[in-house]
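Summary of the model geometry
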Amino acid sequence: MKKAVFLLLIFIISACSKEKYNTYHFFALGTIVDITIQEKYADYLPEIINYMNNLADNISNNEKIINQAEINSRIHVSEDLLNILERADFYYNINHKYDPTSYTVSSLYGFPEGPYIIPSKEKINTAKKYAGFSNILLKDNTVIKKSPLLVDFSANAKGYIVDKTVSYMKSKSLDNFIINAGGDLFISGMKNKIYFNTGIINPDNKSKPLSIINITNKAVATSGNYERYFIMNNKYINHIFEGVTFEPVNNYKSVSVIAENTEKADGFSTLFYLLDMNEITNYCKKFDIAVLILTNNNKIVKFCNWEKYEKL
(Lines give C-alpha, C1' and ligand atoms only; values in the text may rest on other atoms or scores of the structure.)
Protein backbone atom coordinates (compact mmCIF):
# COMPACT_ATOMS: atom_id res chain seq x y z
CA MET A 1 0.00 0.00 0.00
CA LYS A 2 2.67 2.42 -1.00
CA LYS A 3 1.69 6.05 -0.81
CA ALA A 4 2.96 8.52 -3.36
CA VAL A 5 5.82 10.75 -2.39
CA PHE A 6 3.69 13.79 -3.14
CA LEU A 7 0.16 12.60 -2.49
CA LEU A 8 -1.00 16.04 -1.41
CA LEU A 9 0.44 19.23 -2.83
CA ILE A 10 0.06 22.09 -0.41
CA PHE A 11 0.57 25.75 -0.87
CA ILE A 12 0.63 28.27 1.94
CA ILE A 13 -1.23 31.52 1.32
CA SER A 14 0.83 34.27 2.85
CA ALA A 15 -0.64 36.97 5.03
CA CYS A 16 0.88 40.13 6.36
CA SER A 17 2.38 39.58 9.77
CA LYS A 18 4.42 41.35 12.38
CA GLU A 19 6.61 38.35 13.05
CA LYS A 20 8.63 37.18 10.07
CA TYR A 21 8.17 33.56 9.04
CA ASN A 22 10.31 31.59 6.62
CA THR A 23 9.77 28.23 4.95
CA TYR A 24 12.77 25.93 4.85
CA HIS A 25 13.05 22.99 2.47
CA PHE A 26 15.03 19.79 2.95
CA PHE A 27 14.94 16.13 1.93
CA ALA A 28 13.69 13.57 4.45
CA LEU A 29 11.29 10.62 4.58
CA GLY A 30 11.91 10.05 0.88
CA THR A 31 10.35 13.40 -0.02
CA ILE A 32 10.77 17.16 0.21
CA VAL A 33 9.83 18.43 3.65
CA ASP A 34 8.86 22.06 4.24
CA ILE A 35 8.94 23.59 7.70
CA THR A 36 7.51 27.07 8.17
CA ILE A 37 8.64 28.71 11.40
CA GLN A 38 9.45 32.11 12.81
CA GLU A 39 12.76 33.35 11.47
CA LYS A 40 14.15 33.73 14.99
CA TYR A 41 13.93 29.96 15.49
CA ALA A 42 15.89 29.03 12.37
CA ASP A 43 18.82 27.84 14.49
CA TYR A 44 16.67 24.91 15.66
CA LEU A 45 16.41 23.51 12.13
CA PRO A 46 19.55 21.30 12.12
CA GLU A 47 18.47 19.40 15.22
CA ILE A 48 14.87 19.14 13.96
CA ILE A 49 16.08 17.71 10.66
CA ASN A 50 18.42 15.34 12.46
CA TYR A 51 15.60 14.17 14.73
CA MET A 52 13.27 13.51 11.80
CA ASN A 53 15.91 11.68 9.76
CA ASN A 54 16.99 9.48 12.66
CA LEU A 55 13.38 8.52 13.35
CA ALA A 56 12.71 7.78 9.68
CA ASP A 57 15.88 5.69 9.39
CA ASN A 58 14.92 3.72 12.48
CA ILE A 59 11.48 2.90 11.12
CA SER A 60 12.80 2.05 7.65
CA ASN A 61 15.47 -0.24 9.09
CA ASN A 62 12.90 -2.02 11.23
CA GLU A 63 10.65 -2.58 8.21
CA LYS A 64 13.62 -4.21 6.49
CA ILE A 65 14.21 -6.40 9.53
CA ILE A 66 10.63 -7.69 9.28
CA ASN A 67 10.84 -8.20 5.53
CA GLN A 68 14.13 -10.10 5.75
CA ALA A 69 13.22 -12.19 8.79
CA GLU A 70 12.59 -15.90 8.64
CA ILE A 71 9.09 -17.30 8.98
CA ASN A 72 7.95 -17.96 12.58
CA SER A 73 11.02 -16.31 14.09
CA ARG A 74 10.61 -13.70 16.84
CA ILE A 75 11.43 -10.33 15.32
CA HIS A 76 12.62 -7.64 17.71
CA VAL A 77 11.72 -4.17 16.47
CA SER A 78 11.73 -0.68 17.93
CA GLU A 79 8.95 0.82 20.02
CA ASP A 80 8.17 3.23 17.19
CA LEU A 81 7.68 0.42 14.69
CA LEU A 82 5.46 -1.41 17.18
CA ASN A 83 3.36 1.73 17.59
CA ILE A 84 3.00 2.10 13.82
CA LEU A 85 2.13 -1.58 13.44
CA GLU A 86 -0.55 -1.34 16.14
CA ARG A 87 -2.11 1.66 14.40
CA ALA A 88 -2.03 -0.21 11.09
CA ASP A 89 -3.83 -3.06 12.83
CA PHE A 90 -6.45 -0.53 13.96
CA TYR A 91 -7.20 0.49 10.36
CA TYR A 92 -7.08 -3.12 9.20
CA ASN A 93 -9.72 -4.06 11.75
CA ILE A 94 -11.98 -1.25 10.53
CA ASN A 95 -11.82 -2.69 7.04
CA HIS A 96 -9.51 -5.40 5.72
CA LYS A 97 -8.98 -3.50 2.47
CA TYR A 98 -6.34 -1.57 4.42
CA ASP A 99 -3.42 -3.97 4.58
CA PRO A 100 0.29 -3.08 4.76
CA THR A 101 1.17 -6.57 3.53
CA SER A 102 -0.28 -5.69 0.12
CA TYR A 103 3.31 -4.62 -0.54
CA THR A 104 4.00 -8.35 -1.01
CA VAL A 105 2.13 -7.96 -4.30
CA SER A 106 2.68 -4.30 -5.24
CA SER A 107 6.46 -4.70 -4.97
CA LEU A 108 6.31 -7.17 -7.87
CA TYR A 109 5.11 -4.30 -10.06
CA GLY A 110 8.15 -2.20 -9.11
CA PHE A 111 6.51 0.08 -6.57
CA PRO A 112 7.46 2.39 -5.04
CA GLU A 113 10.31 3.62 -7.23
CA GLY A 114 10.31 1.40 -10.32
CA PRO A 115 11.32 0.21 -12.83
CA TYR A 116 7.69 -0.77 -13.34
CA ILE A 117 6.56 -4.06 -14.85
CA ILE A 118 3.48 -6.23 -15.00
CA PRO A 119 4.52 -9.49 -13.32
CA SER A 120 3.35 -12.90 -14.40
CA LYS A 121 0.05 -14.22 -13.08
CA GLU A 122 1.95 -17.04 -11.43
CA LYS A 123 4.09 -14.62 -9.38
CA ILE A 124 1.06 -12.51 -8.48
CA ASN A 125 -0.97 -15.51 -7.33
CA THR A 126 1.92 -16.83 -5.24
CA ALA A 127 2.42 -13.43 -3.58
CA LYS A 128 -1.31 -13.16 -2.84
CA LYS A 129 -1.11 -16.47 -0.94
CA TYR A 130 1.65 -15.05 1.26
CA ALA A 131 0.05 -11.64 1.87
CA GLY A 132 -2.47 -10.85 4.59
CA PHE A 133 -2.15 -8.84 7.79
CA SER A 134 -3.56 -11.78 9.75
CA ASN A 135 -0.21 -13.47 9.03
CA ILE A 136 1.52 -10.97 11.33
CA LEU A 137 1.38 -11.64 15.05
CA LEU A 138 2.43 -9.47 17.98
CA LYS A 139 3.70 -11.42 20.97
CA ASP A 140 5.55 -9.98 23.97
CA ASN A 141 6.54 -6.87 21.99
CA THR A 142 7.98 -8.95 19.18
CA VAL A 143 6.68 -9.57 15.68
CA ILE A 144 6.12 -13.00 14.15
CA LYS A 145 5.23 -13.45 10.50
CA LYS A 146 3.55 -16.66 9.44
CA SER A 147 4.47 -16.43 5.76
CA PRO A 148 7.23 -14.86 3.61
CA LEU A 149 5.26 -11.64 3.26
CA LEU A 150 6.55 -8.08 2.89
CA VAL A 151 5.31 -5.03 4.77
CA ASP A 152 5.21 -1.37 3.93
CA PHE A 153 3.84 0.96 6.62
CA SER A 154 4.16 4.14 4.56
CA ALA A 155 0.38 4.65 4.69
CA ASN A 156 0.68 5.79 8.29
CA ALA A 157 4.40 5.88 9.16
CA LYS A 158 5.07 9.28 7.61
CA GLY A 159 2.21 10.82 9.59
CA TYR A 160 3.57 9.18 12.74
CA ILE A 161 7.00 10.72 12.11
CA VAL A 162 5.46 14.15 11.54
CA ASP A 163 3.55 13.90 14.82
CA LYS A 164 6.64 12.96 16.79
CA THR A 165 8.51 15.84 15.17
CA VAL A 166 5.67 18.18 16.17
CA SER A 167 6.04 17.03 19.78
CA TYR A 168 9.80 17.47 19.57
CA MET A 169 9.44 21.03 18.27
CA LYS A 170 6.93 21.91 20.98
CA SER A 171 9.38 20.59 23.58
CA LYS A 172 11.72 23.31 22.29
CA SER A 173 9.00 25.93 22.90
CA LEU A 174 8.09 26.29 19.22
CA ASP A 175 4.32 26.71 19.06
CA ASN A 176 3.44 28.34 15.73
CA PHE A 177 4.68 26.41 12.71
CA ILE A 178 3.81 24.14 9.81
CA ILE A 179 5.35 20.81 8.85
CA ASN A 180 4.55 19.59 5.34
CA ALA A 181 6.16 16.23 4.63
CA GLY A 182 5.34 15.60 1.00
CA GLY A 183 1.67 16.30 1.64
CA ASP A 184 1.24 15.06 5.20
CA LEU A 185 0.76 18.40 6.88
CA PHE A 186 0.36 19.54 10.47
CA ILE A 187 -0.35 23.14 11.45
CA SER A 188 0.52 24.17 14.99
CA GLY A 189 -0.83 27.42 16.36
CA MET A 190 -1.38 30.50 14.22
CA LYS A 191 0.61 33.20 12.48
CA ASN A 192 0.31 36.28 14.67
CA LYS A 193 -3.23 35.22 15.64
CA ILE A 194 -4.14 34.65 11.98
CA TYR A 195 -4.78 31.22 10.48
CA PHE A 196 -2.20 29.62 8.24
CA ASN A 197 -4.48 29.19 5.22
CA THR A 198 -3.89 25.97 3.34
CA GLY A 199 -5.01 25.07 -0.16
CA ILE A 200 -5.77 21.54 -1.32
CA ILE A 201 -4.53 21.56 -4.89
CA ASN A 202 -6.47 20.10 -7.78
CA PRO A 203 -4.10 17.69 -9.57
CA ASP A 204 -5.63 18.71 -12.91
CA ASN A 205 -5.42 22.46 -12.29
CA LYS A 206 -2.84 23.41 -9.72
CA SER A 207 -3.71 27.11 -9.95
CA LYS A 208 -7.24 26.44 -8.71
CA PRO A 209 -7.41 24.72 -5.30
CA LEU A 210 -10.13 22.20 -4.54
CA SER A 211 -10.60 23.84 -1.16
CA ILE A 212 -8.97 26.46 1.07
CA ILE A 213 -9.08 25.57 4.73
CA ASN A 214 -8.33 27.26 8.04
CA ILE A 215 -7.04 24.76 10.59
CA THR A 216 -4.92 25.06 13.70
CA ASN A 217 -3.45 22.26 15.80
CA LYS A 218 -4.77 19.81 13.25
CA ALA A 219 -3.51 17.81 10.30
CA VAL A 220 -4.52 17.23 6.71
CA ALA A 221 -3.38 14.43 4.41
CA THR A 222 -4.37 13.13 0.98
CA SER A 223 -4.20 9.84 -0.88
CA GLY A 224 -4.47 9.99 -4.64
CA ASN A 225 -3.90 8.24 -7.94
CA TYR A 226 -2.04 11.02 -9.73
CA GLU A 227 1.53 10.89 -8.48
CA ARG A 228 2.70 7.30 -8.74
CA TYR A 229 1.33 5.02 -11.42
CA PHE A 230 2.24 3.57 -14.78
CA ILE A 231 0.43 2.54 -17.94
CA MET A 232 1.49 -0.62 -19.71
CA ASN A 233 -0.33 -2.73 -22.27
CA ASN A 234 -3.16 -0.18 -22.09
CA LYS A 235 -3.57 -0.97 -18.39
CA TYR A 236 -3.46 1.75 -15.71
CA ILE A 237 -1.68 0.52 -12.56
CA ASN A 238 -1.98 2.74 -9.49
CA HIS A 239 0.41 2.44 -6.54
CA ILE A 240 -2.35 1.86 -3.95
CA PHE A 241 -3.30 -1.80 -3.57
CA GLU A 242 -6.10 -3.09 -1.36
CA GLY A 243 -5.91 -6.01 1.01
CA VAL A 244 -8.86 -8.22 0.04
CA THR A 245 -8.13 -8.85 -3.64
CA PHE A 246 -4.57 -7.46 -3.43
CA GLU A 247 -5.21 -5.62 -6.68
CA PRO A 248 -4.41 -1.96 -7.54
CA VAL A 249 -7.26 0.45 -6.81
CA ASN A 250 -8.35 3.49 -8.78
CA ASN A 251 -11.43 4.62 -6.87
CA TYR A 252 -10.86 8.40 -6.86
CA LYS A 253 -8.44 11.05 -8.01
CA SER A 254 -7.86 12.08 -4.41
CA VAL A 255 -9.20 11.74 -0.89
CA SER A 256 -8.27 14.39 1.68
CA VAL A 257 -8.81 14.04 5.41
CA ILE A 258 -8.63 16.51 8.32
CA ALA A 259 -7.88 14.97 11.70
CA GLU A 260 -6.42 15.88 15.07
CA ASN A 261 -3.04 14.38 14.26
CA THR A 262 -1.08 13.53 11.14
CA GLU A 263 -0.90 9.77 11.64
CA LYS A 264 -4.69 9.63 11.80
CA ALA A 265 -5.11 11.84 8.74
CA ASP A 266 -2.50 9.77 6.90
CA GLY A 267 -4.03 6.41 7.75
CA PHE A 268 -7.66 7.36 7.16
CA SER A 269 -6.93 9.06 3.84
CA THR A 270 -5.54 5.76 2.57
CA LEU A 271 -8.34 3.70 4.11
CA PHE A 272 -11.03 5.95 2.64
CA TYR A 273 -9.40 5.85 -0.79
CA LEU A 274 -10.01 2.09 -0.77
CA LEU A 275 -13.72 2.33 0.13
CA ASP A 276 -16.95 3.35 -1.58
CA MET A 277 -18.68 6.58 -0.62
CA ASN A 278 -21.32 4.93 1.57
CA GLU A 279 -18.59 3.30 3.64
CA ILE A 280 -16.66 6.57 3.84
CA THR A 281 -19.75 8.39 5.06
CA ASN A 282 -20.35 5.85 7.82
CA TYR A 283 -16.76 5.80 9.01
CA CYS A 284 -16.15 9.56 8.89
CA LYS A 285 -19.21 10.04 11.11
CA LYS A 286 -18.09 7.33 13.50
CA PHE A 287 -14.55 8.69 13.84
CA ASP A 288 -15.38 12.41 13.45
CA ILE A 289 -13.15 13.01 10.43
CA ALA A 290 -13.76 15.63 7.73
CA VAL A 291 -13.34 14.33 4.19
CA LEU A 292 -13.00 15.86 0.72
CA ILE A 293 -13.09 13.64 -2.38
CA LEU A 294 -12.21 14.43 -5.97
CA THR A 295 -13.88 11.74 -8.08
CA ASN A 296 -12.46 10.37 -11.30
CA ASN A 297 -15.03 12.43 -13.21
CA ASN A 298 -13.88 15.60 -11.40
CA LYS A 299 -16.76 15.95 -8.98
CA ILE A 300 -15.88 17.44 -5.58
CA VAL A 301 -17.66 15.72 -2.69
CA LYS A 302 -17.45 16.84 0.96
CA PHE A 303 -18.40 14.69 3.94
CA CYS A 304 -18.59 15.10 7.71
CA ASN A 305 -18.46 18.90 7.99
CA TRP A 306 -15.49 19.59 5.76
CA GLU A 307 -17.11 22.94 5.01
CA LYS A 308 -16.69 24.17 8.58
CA TYR A 309 -12.92 24.32 8.00
CA GLU A 310 -13.10 26.21 4.74
CA LYS A 311 -12.05 29.82 4.53
CA LEU A 312 -15.06 32.11 4.34
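This write-up is about the structure you can find in this document. Just so it is clear, the model here is predicted, and its values are computed rather than measured. (Residues numbered from 1 in each chain as written. Predicted model: local features only at pLDDT ≥ 70, side-chain atom pairs only at ≥ 80, totals over all residues. Heavy atoms only, no water.)

**A few points about the sheet that holds strand β7 (residues 177-181)**
For clarity, the cut-off: By definition, two strands form a pair when at least two bridges between them are found by DSSP. Secondary structure elements are defined from DSSP: runs of H or I of at least 4 residues count as helices, runs of E of at least 2 residues count as strands, and each element is numbered from the N terminus. As a rule, the C-alpha atoms of each element are fitted with a line to give its axis, helices using only the stretch in contact, and angles between N-to-C directions run from 0 to 180 degrees.
Taken in spatial order, the 8 strands of this open sheet run β2-β3-β7-β8-β11-β14-β15-β16, and their pairing is antiparallel. This sheet does not close on itself; its edge strands, each paired only once, are β2 (21-28) and β16 (300-303). When strand polarity is set aside, the average angle formed by the axes of neighbouring strands in this sheet is 15°. When strand β14 (residues 254-259) meets strand β15 (residues 290-294), the two strands line up antiparallel, connected through 5 bridges. Looking at β15, one finds that I258 is bridged to A290.

**Description of the environment of D34**
This is how it is decided: Three labels apply to residues, based on accessible area from a 1.4 Å probe with only protein chains included: buried if under 20% of the type maximum, exposed if over 50%, partly exposed otherwise in between. Whether two residues are in contact is decided by their heavy atoms, any of which lying within 4.5 Å being enough. Whenever two N or O atoms come within 3.5 Å, that pair is a polar contact, provided that in protein one can donate a hydrogen and the other can accept it, and provided that, for residues adjacent in sequence, both atoms are side-chain atoms.
Mapped onto the secondary structure, D34 falls in strand β3 (residues 31-38). We classify D34 as buried; its relative accessible area is 18%. Each residue touching D34, except ones within four places of it in the same chain, is listed here: T23, Y24, H25, I178, I179 and N180. A polar contact is formed between the side chain of D34 and the side chain of H25, at a distance of 2.5 Å.

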